[in-house]
Amino acid sequence: MEKEKRPSKDSGCHPAYRPDIDGLRAVAVLFVVLFHAFPSHLRGGFVGVDVFFVISGFLISSIIFKSVDAGAFSLSDFYGRRVKRIFPALFLVLLSSYLFGWYFLLENEYEQLGKHIASGAAFISNIVLFTESGYFDSAAELKPLLHLWSLGVEEQFYIFWPLLVMLAWRKGVSLAWLIVGVLVVSFSLGIVTTKNNEEAAFYLPLTRFWELLAGSLLAWLKLYAEPVGSAVETGKGKAFLNKANVFSLVGVLFLIVAVTQINERSEFPGYWALFPVLGAVLIIAAGPQAWVNEKVLSSRLFVWVGLISYPLYLWHWPILSFGYILEDGSPAVATRLLGVAGAFLLAWLTYQFVEKRVRSRVGGKKILVLVFAMSGIGLVGLATYLGNGFGFRLNSNLAMDEQAIKQEREQYWSEISGSGFRDDATNILIFGDSQAFDIYKALANDDRFGLKIYQTSFECAAFMMPKWGAEKNAESCRQNFATMISSPEIQDAEIFVYAAHWQMAGEPEDAEAFYRQAVAEIKALNPEIKVVFFGPKPLIGETWLSINAITKGQRSLPLMNASLNEKRWLRPEETDYARSMAGRLGVDFIDTEEVFCAGGCPFYENNKFSYFDQLHWTEFGASLFMTKLKARGEFQSLVQ
């Protein structure tokens, strides 16, 4: 096939410096930083990463295309430049995070940090984070290196992209068709995967490559398709609404839509990712003389932030995340502002005294030093992970160590179906999410009961519907209910128990109709059955944490329960909602919180924890609840 028209010989292999692209980098990193610091104020700020992908694809592909075209491309030179660009600041952040964690993190937290340091150094964070997603996975705020997933995607792209370009050039394959072909496949895969597995679409490389390729396509157009590449060029004296300004303004509009309309409940990346990607493409395509690019993005402040954008991206999240960990929840606004200011200071210092010096002075041997340093910190992280967080660092008198917590979790799911119905027992069918499993664990302490439990997801509500924002699980929620309602136990049970993590904000529209439908179906199959709703239990804090993370600031066992009660999170509005729903449906209601906290909430009693994390009982806690339930007699009156 005919090769693309070559750029001029004097153009060099690096694109001319454009301050407006540094300004666009500033916009992207500010989106991300503000989202992480104040997520409720900029819900879609995470799309700044997508803008970064486009910028990277444009700049790096421009270098690759021109170098290959000039016969000057070298894989060793290319990857050497990547090492000089990526490794120094990343190594500094990984090392700093490791040293900070040594003194301040618990075993499980430090074990996870070691794992993420190893995966970050190997540029596979995105894959590791995807494999971690699950019910008992740590919240995003508790992963100081969570943001390294984007570096993983980017570097995985640059493993194969230069090789594909070189192969296409040598075989005479059009770069344009190569770019468009891979882009379409990646984008289509992203659309399909987003609908079926949003976590996979978010983290895995094949569903994200199209965003970098959008920048690559623009690079090709700028270099080889002169009529297209120059179509938006503008000069002084032309009307304000020339093509360049229109491109730039529409690009800005797309970015505004992205950060204001996209949020954590959006099906992302999917079609939504088109807004930040196309916005970035249009702004870059507009050229440096477009009004927004020249007057705003090329201003000294935006350029300065753009120059430190990479170290700022690296520093800001560990600082904010460690704040979440140390404060056992969302830090105060002042703390977050201080964290952001600290990130800017560290980013400037890193750029001024590390990045600039490394880029100007590092030769071949020193590149090897950087590679060995990165390999070394990665191996240290791996050893920490394999060493279970090096518990010898800690001088802790906690009654429940990390191994005990792991055992509780394993026991928690050990009996997934129930003890079974018996002729000599009061047979109880239980349905709900993990909170229903807590009730099952409690009732299992009374051998007068025959028990069978059918579980649904914590993302389901009203028996059969997905919670608001989890609509992708609709079929699964309906199937879980169908499995229970068609079970043989439904007709033999004397009592039906429904328990869930009640959340009014997550209830589907017209939730009462679905509750009513479910109860009617149960009663139709078993008219004599007694239906009981269990209300929400008290939680420990407003963020999901293991019990050791929750209690790490308390070193006095006699004061442990008092300390946990200070963090107790009661949710009377959720209890009232569940009680009211039960009343309108004509079913019985047991106030789980009231029963458990009668005479005081026993989060820690007899040198034992009753919770192993924010919202799940230990075996001891379930037994304690059953003892209190029996003492009150409410459930016993239903059994008689």
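Asker: What should I look at first to understand the packing of helix H6 (residues 149-171) against helix H9 (residues 209-224) in this one?
Answerer: Helix-helix packing is characterised by the crossing angle of the two axes and by the distance between the axes. Close contact between H6 and H9 brings their axes to 11 Å; oriented N to C, the two are set at 40°. It follows from the interaxial angle that H6 and H9 lie oblique. The element H6 and its partner H9 pack so that their crossing is right-handed. Contact with H6, carried on its side by Val153, Glu154, Gln156, Phe157, Tyr158, Phe160, Trp161 and Trp169, involves Phe209, Leu212, Leu213, Ser216 and Tyr224 of H9 and no other residues of that element. Across the contact of H6 with H9, the residue classes break down as ten nonpolar, two polar and one charged.

Asker: Explanation requested: the state of the cysteines in the structure shown.
Answerer: Two cysteines, two sulfur atoms, one covalent bond between them: this is a disulfide. All told, the structure shown has two disulfides when counted by the stated rule. One disulfide in the model links cysteine 460 with cysteine 477; its S-S distance is 2.0 Å. Since a negative S-S torsion denotes a left-handed disulfide, the cysteine 460-cysteine 477 link at about -85° is left-handed. In this pair, cysteine 460 is assigned in strand E3 (residues 460-461) and cysteine 477 in helix H20 (residues 474-485), connecting sequence segments 17 residues apart. When sorted by exposure, cysteine 460 lands in the same class as cysteine 477, which is buried.

Asker: I would appreciate a short explanation of a nonpolar patch on the surface in the present structure.
Answerer: Residues Leu301, Trp304, Leu345, Trp348, Leu349 and Phe353 make up a contiguous nonpolar surface patch of about 570 Å² in total accessible area. Taken together, the elements giving at least two residues each to the nonpolar patch come down to helix H14 (300-307) and helix H16 (333-361). Among the elements that line the nonpolar patch, the one with the most residues is H16, at four residues. Structurally, the position occupied by leucine 301 is in helix H14.

Asker: I tried to follow the side chain of arginine 82 on my own but got confused; where do I start?
Answerer: Here arginine 82 lies in helix H3 (residues 75-104). What makes arginine 82 buried here is its relative accessible area of 8%. Within polar-contact distance, the side chain of arginine 82 engages the side chain of glutamate 155 at 2.6 Å. With residues near it in sequence (within four places) discarded, arginine 82 still touches Ile60, Phe87, Glu154, Glu155 and Tyr158.

Asker: Help me understand unusual backbone geometry in this model?
Answerer: Most of the time, phi is negative for any residue but glycine, and the peptide bond is trans. Of note, the bond from phenylalanine 268 into proline 269 is cis; its omega dihedral lies within 30 degrees of zero at 10°. Positionally, proline 269 belongs in the loop between helix H11 (243-261) and helix H12 (274-286). Phi is positive for phenylalanine 390, which is not a glycine, with a value near 50°. Along the chain, the position of phenylalanine 390 falls in the loop between helix H17 (364-386) and helix H18 (402-412). Phi is positive for asparagine 606, close to 55°, though the residue is something other than glycine. Inspection of the secondary structure assignment puts asparagine 606 in the loop between strand E10 (604-605) and strand E11 (608-609).

Conventions we followed
- Residues numbered from 1 in each chain as written.
- Predicted model: local features only at pLDDT ≥ 70, side-chain atom pairs only at ≥ 80, totals over all residues.
- Heavy atoms only, no water.
- Axes fitted to C-alpha atoms, helices over the stretch in contact; angles between N-to-C directions.
- Helix = DSSP H or I, 4+ residues; strand = E, 2+ residues; numbered from the N terminus.
- Parallel < 35°, antiparallel > 145°, perpendicular 65-115°, else oblique.
- Left-handed = near helix turned anticlockwise from the far one by under 90°.
- Contact = heavy atoms within 4.5 Å.
- Nonpolar A, V, L, I, M, F, W, Y, C, P; charged D, E, K, R; others polar.
- Disulfide = S-S within 2.5 Å.
- Buried < 20%, exposed > 50% of the residue type's maximum accessible area, 1.4 Å probe, protein only.
- Patch = residues over 30% accessible without salt bridge, like charges linked within 9 Å, V, L, I, M, F, W, Y side chains within 5 Å.
- Areas by Shrake-Rupley, 256 points an atom, 1.4 Å probe, with all protein chains shown as cover.
- Salt bridge = Lys/Arg side-chain N within 4 Å of Asp/Glu carboxyl O.
- Polar contact = N/O pair within 3.5 Å; in protein donor to acceptor, adjacent residues only side chain to side chain.

By themselves, these figures tell us nothing about what the structure is for.
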